[in-house]
Amino acid sequence: LVRHLDNDYKNVKVSNLEYYYEYEEYLLHGNNKKCRKCKNLLNKKQYVKNKYFKDNLSPICKKCKLDIRRTVMSLITDIYSKQKLHSKTRGHPPPKYTFKEFKKWILSIKNFKVLYKNWVKSGYEKNFRPSVDRLDSTKGYSFDNIRLVTWKENNNANHINNVKPIIVEDKLVDTKTVYSSSKEFATKMNFNTDTVYSAARRGTFLANQYIVRFFRL
């Protein structure tokens, strides 16, 4: 068999290849595996499964994979990907900017570096993770409707929005019901909470059956 000396399977230079016997490899590593990134010899339990590799394990250990996901570029990519996903879930159009434009925008914000450093210093605590919040939750993602905040600030803003009482008119059975929050009604009817809240702000139909409005005493 042939072994890649630097564990980079894409590097097929002769200087990086070495012949070996399969039994020799077993004796050398046994139940351990060398991480391609950190170069540490770790127990195979420290690797996630990956069917595209001969040993059915990822060439990078779990810790290194997690570190990669925490880099600036990975963070920005993740935020943008979730914006596209959430837009589809809420029935909104996709973000009004490309990934390239979004990356340029977020890197141009002076506070981004501060938020990112604070997230790192916190040991990557979820509450400190940089996040993008919509100023008007009834609208989609556009540069005039977003702001950079921490995950905690974003979550608190959503919580405040979703705890307002709402009144729901069911046009099929001609009833009116007051719910303590958008979330309560959404949970009962298996709707998306943001979709219910958006309908309440507009006072519009939901699922062609319910008229949702904020309830005022």
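Parameters and conventions
- Going along each chain's sequence as written, the residues are numbered from 1 onward.
- At least 70 in pLDDT is required for a residue's local features to be given in this predicted model, at least 80 for side-chain atom pairs to be given and counted, and no such filter applies to totals for whole chains, interfaces and linings, which use all residues.
- As a rule here, side-chain values cover all heavy atoms of the structure and leave hydrogens and water aside.
- The definition of a nonpolar core used throughout is a set of buried Ala, Val, Leu, Ile, Met, Phe, Trp, Tyr and Cys residues joined through side-chain atoms within 4.5 Å.
- Each residue is placed in one exposure class: buried if its accessible area under a 1.4 Å probe, protein chains only, is under 20% of its type's maximum, exposed if it is over 50%, and partly exposed if it falls in between.
- Put simply, DSSP marks the helices as runs of H or I at least four residues long and the strands as runs of E at least two long, and each gets a number from the N terminus on.
- Note on contacts: a residue pair qualifies if any of its non-hydrogen atoms lie within 4.5 Å across the two residues.
- Here a helix's expected span is defined as the number of its residues, less one, multiplied by 1.5 Å.
- When we speak of the arc, we mean the arc of directions from the helix axis to the C-beta atoms.
- Each Phe, Tyr or Trp ring, with Trp reduced to its six-membered ring, pairs with another whose centre is within 6.5 Å; inter-plane angles below 30 degrees give stacked pairs, above 60 give edge-to-face pairs, and intermediate values give tilted ones.
- Only when the NZ of Lys or the CZ of Arg is both within 6 Å of the ring centre and within 35 degrees of the ring normal is a charge said to sit over the ring.
- Here, axes are lines fitted to C-alpha atoms. For helices the fit covers the stretch in contact, and angles between N-to-C directions go from 0 to 180 degrees.
- Oblique is the label for any angle not covered by the other classes, which are roughly parallel (under 35 degrees), roughly antiparallel (over 145) and roughly perpendicular (65 to 115).
- Crossing chirality is assigned from the near helix's rotation relative to the far helix, an anticlockwise turn below a right angle marking it left-handed and a clockwise turn marking it right-handed.
- Residues are grouped as follows: nonpolar covers Ala, Val, Leu, Ile, Met, Phe, Trp, Tyr, Cys and Pro; charged covers Asp, Glu, Lys and Arg; every other residue, Gly included, is treated as polar.

(A) Structural detail: the nonpolar core. In this structure, Phe 102, Ile 106 and Val 132 are the most contacted members of the largest nonpolar core, which totals 16 residues. For this core, the secondary-structure elements that each account for two or more residues are helix 3 (72-90), helix 4 (99-108), helix 5 (110-121) and strand 6 (146-150). If we skip the residues at most four places from it in the chain, Phe 102 touches Ile 76, Ile 79, Tyr 80, Gln 83, Tyr 97, Val 132 and Phe 143. Among the nonpolar cores identified, the runner-up in size contains 13 residues, and Val 168, Ala 186, Ala 200 and Val 212 belong to it.

(B) Highlighting helix 3. Under the 1.5 Å per step criterion, the end-to-end length of helix 3 is 27 Å for 19 residues, consistent within 8% with the ideal 27 Å. Burial in helix 3 covers these residues: Leu 75, Ile 76, Ile 79, Tyr 80, Gln 83, Ser 87 and Arg 90. In a view along the axis of helix 3, the buried residues occupy a sector of 130 degrees, so they form one face of it. Exposed side chains of helix 3 directed beyond 90 degrees from the buried face belong to Leu 85 and Lys 88. The secondary structure elements touched by the buried residues of helix 3 are helix 2 (62-69), helix 4, helix 5, strand 5 (130-134) and helix 8 (193-202). Of the residues trailing helix 3, Gly 91 is marked for its positive phi of about 80 degrees.

(C) Broad picture of the packing of aromatic side chains. All chains considered together, the criterion is met by 15 aromatic pairs. Between the aromatic rings of Phe 185 and Tyr 210, the centroid separation amounts to 5.5 Å while the plane-to-plane angle is 80 degrees, which identifies the pairing as edge-to-face. Of the two residues, Phe 185 sits in helix 7 (residues 182-189) while Tyr 210 sits in strand 10 (residues 210-214), which places them 25 residues apart along the sequence. On the basis of relative accessibility, which here comes to 8%, the residue Tyr 210 falls in the buried class. An aromatic cluster of three or more residues is present, and its members are Tyr 80, Tyr 97, Phe 99, Phe 102, Trp 105 and Phe 143. The ring of Tyr 47 has Lys 33 sitting right over it, with the charged end atom 5.8 Å from the ring centre.

(D) Region of interest: helix 7. Restricting attention to buried positions, one finds in helix 7 the residues Ser 182, Phe 185 and Ala 186. For helix 7, the angular spread of buried residues about the axis comes to 100 degrees, placing them on one side. Exposed side of helix 7, more than 90 degrees from the buried face: Lys 183, Thr 187 and Lys 188 are the residues found there. Just downstream of helix 7, Asn 190 is the residue with a positive phi angle, here 65 degrees.

(E) Inspection of the packing of helix 3 against helix 4 at higher detail. Put simply, helix 3 and helix 4 touch, their axes get as near as 10 Å, and they point 125 degrees apart. With respect to each other, helix 3 and helix 4 are oriented oblique. For the pair helix 3 and helix 4, the sense of crossing is right-handed. Where helix 3 approaches helix 4, its residues Val 72, Met 73, Ile 76, Thr 77, Ile 79, Tyr 80 and Gln 83 are matched on the opposing element by Phe 99, Phe 102, Lys 103, Ile 106 and Leu 107. Residues of the contact of helix 3 with helix 4, tallied by class, amount to nine nonpolar, two polar and one charged.

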